[in-house]
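This is what each chain is made of:
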Amino acid sequence: ICGVVTPDGLEGNVTESGGLIGMGVEYCLALAASLLDGDPKDVVFLTFQGSILGSYAALADGELDVLVGVDVQREFDFGTSFSSSGFHFSTPYYYGNESPGHGMKMYSMATREDDALFASFVNSIVMATVYAQENRITEDERSRLPVVSVFGSDLDWALRDAILYSGGYDQIYSKNFGRNIFEAFRGRSALNEGGPMMHSLPHLPSIVVG
């Protein structure tokens, strides 16, 4: 079950949405495909219109397996009033382009902190799409992705099944933001090929030493 936080007043099915909402939905479908031998048809979506705290409460209560559509809330890493163990946030699938000093937003897939193996699996699916783009791997070339055994023999082909469904990061981005948005204009969401990028984590208090 995938929870999706949407703006107030959003009409229609989230599976028909584009933009940031559609991108989160696409990652939920890729995750489902990786778990269900390439077929995501059994995924269930629950929407939360403008209700960020309500969506996290549902995740903490086990009503959801994963949550998308909210920016990373790092203070939730360490526990909240509705979850003593906190939440885990995957590698972001979208970075905002806020100006310096206004707090950069990062959007990732949130899971419960008390299920470290599943959280790691979810993160591996996000990273697989980035790896596929970086290495120019298409759906037809998914065999170039590694077979993984750490999650059990039933999920050996999980990364390949995810890419079979969604393609690489570029395909997911283009599907939801338009194919005419070239990588050079994607801001912080563009693939960085010149080495690691370092961003300060949002929503953490500043520490002053002196």
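What counts and how
- Residues numbered from 1 in each chain as written.
- Predicted model: local features only at pLDDT ≥ 70, side-chain atom pairs only at ≥ 80, totals over all residues.
- Heavy atoms only, no water.
- Phe/Tyr/Trp six-rings, centres within 6.5 Å; stacked < 30°, edge-to-face > 60°.
- Helix = DSSP H or I, 4+ residues; strand = E, 2+ residues; numbered from the N terminus.
- Buried < 20%, exposed > 50% of the residue type's maximum accessible area, 1.4 Å probe, protein only.
- Pairing = 2+ DSSP bridges.
- Disulfide = S-S within 2.5 Å.

Engineer: Please set out the packing of aromatic side chains residue by residue, giving values where relevant.
Structural biologist: As enumerated under the stated definition, the model contains eight aromatic pairs in all. Their ring planes at 25 degrees and their centres at 5.2 Å tell us that Tyr27 and Tyr93 sit as a pair that is stacked. Taken as a pair, Tyr27 in helix H1 (residues 19–35) and Tyr93 in the loop between strand E4 (87–89) and strand E5 (94–95) lie far apart in primary sequence, 66 residues in all. For the residue pair Tyr27 and Tyr93, the accessibility class agrees, reading buried in each case. On the basis of an interplanar angle of 70 degrees and a centroid distance of 6.4 Å, the ring pair of Tyr56 and Phe89 is categorised as edge-to-face. Taken together, the residues Tyr56 in helix H2 (residues 52–60) and Phe89 in strand E4 connect sequence positions 33 residues apart.

Engineer: Summarise the environment of Asp61; cite the residues concerned and give the values.
Structural biologist: Mapping Asp61 onto the fold places it in the loop between H2 and strand E3 (66–68). Separated by 51 residues in sequence, Asp61 and Arg112 have C-alpha atoms that sit 9.5 Å apart.

Engineer: Describe the pairing of strand E2 (residues 45–49), with residues and values.
Structural biologist: Bridging between strand E1 (residues 2–6) and E2 involves five bridges; their strand directions are parallel. Residue pairing for E2: Val5 is matched across the bridge by Phe48.

Engineer: Let's hear about the environment of Met109: which residues, and what values?
Structural biologist: With respect to the helices and strands, Met109 occurs in the loop between strand E6 (106–107) and strand E7 (110–112). Overall, the relative accessible area of 1% leaves Met109 in the buried class. On a C-alpha basis, the gap between Met109 and Val122 in space is 7.4 Å, while along the polypeptide they are 13 residues apart.

Engineer: Help me get a handle on the state of the cysteines, residues and values and all.
Structural biologist: Considering all chains together, one arrives at one disulfide under this definition. Put simply, Cys2 and Cys28 are joined by a disulfide, and their sulfur atoms are 1.9 Å apart. Taking the sign of the S-S torsion, about 45 degrees here, the bridge from Cys2 to Cys28 comes out right-handed. Separated by 26 residues along the polypeptide, Cys2 in strand E1 and Cys28 in helix H1 bring together distant segments of the chain. When its relative accessible area of 2% is taken as the criterion, Cys28 is described as buried.

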